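Examining the three-dimensional arrangement
Listed below, chain by chain, are the residues.
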Amino acid sequence: MLYAIRLRKIREAYGLTQYEVAYKSDMTPSAYGQIERNAGNCTIKTMEKIANSIGISLPFLLDINNQNFIEKNKL
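Now for a description of the structure that goes with this document.

Definitions and cut-offs
- Note on numbering: residues in each chain are counted from 1, in written sequence order.
- In keeping with the predicted nature of the model, local features appear solely for residues at pLDDT of at least 70, side-chain atom pairs appear and are counted solely at 80 or more, and the whole-chain, interface and lining totals rest on all residues.
- By convention in this description, side-chain values take in all heavy atoms of the structure and omit both hydrogens and water.
- For salt bridges, the criterion is a side-chain nitrogen of Lys or Arg within 4 Å of an Asp or Glu carboxyl oxygen.
- Strands here are runs of E lasting at least two residues and helices are runs of H or I lasting at least four, both read from the DSSP assignment and numbered beginning at the N terminus.
- Only protein chains enter the area calculation, which uses a 1.4 Å probe; residues under 20% of their type maximum are buried, those over 50% are exposed, and those in between are partly exposed.
- Residue types Ala, Val, Leu, Ile, Met, Phe, Trp, Tyr and Cys, when buried and joined through side-chain atoms within 4.5 Å, form a set referred to as a nonpolar core.
- Contacts are assigned to residue pairs that have any heavy atoms within 4.5 Å of one another.
- Axis definition: a line fit to C-alpha positions, over the contact stretch in the case of helices; interaxial angles, taken between N-to-C directions, run 0 to 180 degrees.
- Here the word oblique covers every angle except those under 35 degrees (roughly parallel), over 145 (roughly antiparallel) and from 65 to 115 (roughly perpendicular).
- The crossing is said to be left-handed when, going from far helix to near helix, the turn is anticlockwise and less than a right angle, and right-handed when the turn is clockwise.
- Amino acid classes used here: Ala, Val, Leu, Ile, Met, Phe, Trp, Tyr, Cys and Pro are nonpolar; Asp, Glu, Lys and Arg are charged; the rest, including Gly, are polar.

Quick notes on the pattern of salt bridges
- Summed over all chains, the structure comprises three salt bridges.
- The partner of Arg8 in a salt bridge is Glu12, with the nearest N and O atoms 3.4 Å apart. Taken together, the residues span about one helical turn, with Arg8 and Glu12 both in helix 1 (residues 2-13) at a distance of four residues.
- Given the relative accessible area of 32%, Arg8 is considered partly exposed.

Considerations on the nonpolar core
- If you look at the biggest cluster of nonpolar residues, it comprises 16 residues, and the most contacted ones within it are Tyr3, Leu7, Tyr32, Ile50, Ile54, Ile56 and Leu61.
- Secondary structure elements with two or more residues in this core: helix 1, helix 2 (18-24), helix 3 (29-36), helix 4 (44-54) and helix 5 (58-62).
- With four residues, the top contributor of residues to this core is helix 4.
- Once you skip the residues sitting within four places of it in the chain, Tyr3 turns out to touch Ile35, Cys42, Met47, Ile50, Leu61, Leu62 and Ile64.

Considering the packing of helix 1 against helix 4
- Where helix 1 meets helix 4, the closest approach of the two axes is 11 Å, and the angle between their N-to-C directions is 20°. Between helix 1 and helix 4, the interaxial angle falls into the category roughly parallel. In the crossing of helix 1 with helix 4, the sense of the turn from one axis to the other is left-handed. Residues Tyr3, Leu7 and Ile10 of helix 1 form the contact with helix 4, whose own contacting residues are Met47, Ile50 and Ile54.
- Across the contact of helix 1 with helix 4, the residue classes tally to six nonpolar, no polar and no charged.

In structure tokens:
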């Protein structure tokens, strides 16, 4: 659940729609929406595609304890 909330907040902070992230991640908007609602399983490969489509690093995306939603420094 925390990952899904973080993902949505990061996407919104970068001004992207679910459709844009889904398209850039080569998945359907429905599948991406399920990930944001924590309804679908998500592999590490899919998480990497999502991070790349937003323009952030995978470690930043997965850092659920980090209160920042814009990545300051790329790893």
